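Below, each chain spelled out in residue letters.
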Amino acid sequence: MNAKPRLLGLDVGDKRIGIAISDPLGITAAGLETLSRKNIEADVNAISQIAERHGAVQIVIGLPLNMDGTSGEQAEKAKSFGRKLAKAIGLPVVYEDERLTTISAIRTLTLQGIKTGNKKDLVDRQAAAIILQKFLDREEPPSPAS
């Protein structure tokens, strides 16, 4: 199989941004790091450096829709951040429904024996991986070798 361009997944919150990366084959996502938010310029610069360091060609941002599928204040904040990020770093930004990803992240970490109470950065990183994995799972699977 040929290597695919890598994607970054972001779980954008008010205090932190969880960051995940796709594997070189574009099949799985893994948590990479968690960024403590400072201001838009610093946040965008940090993500730009991470994207460049890992050769990412696209950003997938979690969209925190309401349970009924409507877009609320947090979703609008994520879209606003995504627009600023895309404009600043010149990479395409797409959005992925992130409903229940934090709960899934906590469950996954708990099943691994990790206590999540004071480890919000780990939860955010895991949530970013879940967001990116959902996106990757919807993409066309690699064709079998002939």
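Before reading further, recall that the structure is shown in the block above.
Residues numbered from 1 in each chain as written. Predicted model: local features only at pLDDT ≥ 70, side-chain atom pairs only at ≥ 80, totals over all residues. Heavy atoms only, no water.

## Topic: the overall build of the protein chain
Stated precisely, the cut-off is as follows: The secondary structure listing takes helices from DSSP runs of H or I that are at least 4 residues long and strands from runs of E that are at least 2 residues long, numbered from the N terminus. Burial here depends on accessible area, computed with a 1.4 Å probe over protein chains only, as a share of the maximum for the residue type. Under 20% is buried, over 50% is exposed, and the range in between is partly exposed. Two residues qualify as a contact provided that any one of their heavy atoms is within 4.5 Å of a heavy atom in the partner residue. Accessible surface is estimated by sampling points in the Shrake-Rupley manner with a 1.4 Å probe; for residues, cover comes only from the protein chains shown.
Helix and strand counts for the protein chain stand at four helices and five strands. Counting only residues that meet the buried cut, the protein chain has 38% of its 146 residues in that class. Pairs at least 24 residues apart make up 62% of the contacts formed inside the protein chain by residues separated by at least 6 positions. Here the protein chain displays about 8300 Å² of accessible surface, and carbon together with sulfur accounts for 52% of that area.

## Re helix α1 (residues 40-54)
Here is the rule we go by: Under the convention used throughout, the expected extent of a helix is 1.5 Å for every residue step, that is, one less than its residue count. In this context, the arc is that of the directions from the helix axis out to the C-beta atoms. Think of a polar contact as two N or O atoms within 3.5 Å of one another; within protein, one of them needs to be a possible hydrogen donor and the other a possible acceptor, and neighboring residues in sequence only count if both atoms come from side chains.
For α1, with 15 residues, the first-to-last C-alpha span of 21 Å sits near the 21 Å given by 1.5 Å per residue. Among all positions of α1, only D43, V44, A46, I47, I50 and A51 are buried. Viewed end-on, α1 has its buried residues packed into an arc of 160°, placing them on one side of the element. Those residues of α1 that are exposed and aimed more than 90 degrees away from the buried face are E41, E52 and R53. Check the buried side of α1 and you find it contacts β1 (6-12), β2 (16-22), β3 (29-36), β4 (56-63) and α2 (73-89). For α1, the N-terminal cap is N39; the gap from its side-chain oxygen to the backbone nitrogen of E41 is 3.1 Å. In the stretch just after α1, G55 is the one whose phi turns positive, near 70°.

## Describing the pattern of salt bridges
Let me state the cut-off plainly: By convention in these notes, a salt bridge is any Lys or Arg side-chain nitrogen within 4 Å of a carboxyl oxygen on Asp or Glu.
Tallying each qualifying case throughout the model produces seven salt bridges. Salt-bridge contacts for E33 lead to R53; the nearest nitrogen and oxygen are separated by 3.4 Å. You can see E33 sitting in strand β3 and its partner R53 sitting in helix α1, a full 20 residues away along the chain. Exposure remark for E33: the relative accessible area of 27% places this residue in the partly exposed category. The residue R37 makes a salt bridge to D43 at a minimum N-O spacing of 2.7 Å. Salt bridges sharing common partners tie together D14, E73 and K77.

## Brief notes about the packing of α1 against α2
Spelled out, the test is: Whenever a helix is involved, its axis is fitted only over the stretch in contact; in every case the axis is a line through C-alpha atoms, and angles between N-to-C directions fall within 0 to 180 degrees. Small angles under 35 degrees read as roughly parallel and large ones over 145 as roughly antiparallel, with 65 to 115 read as roughly perpendicular and the rest as oblique. Crossings are classed by handedness, with left-handed meaning an anticlockwise turn of the near helix from the far one by less than a right angle and right-handed meaning a clockwise turn. Polar here means any residue other than Ala, Val, Leu, Ile, Met, Phe, Trp, Tyr, Cys and Pro, which are nonpolar, and Asp, Glu, Lys and Arg, which are charged; Gly is therefore polar.
It is the contact of α1 with α2, at a shortest axis distance of 10 Å, that shows an interaxial angle of 60°. If you check the angle between α1 and α2, you find them oblique. For the pair α1 and α2, the sense of crossing is right-handed. Across from I40, D43, V44, I47 and S48 in α1, the residues of α2 making contact are F81, K84, L85, A88 and I89. Here the residues of the contact of α1 with α2 sort into seven nonpolar, one polar and two charged.

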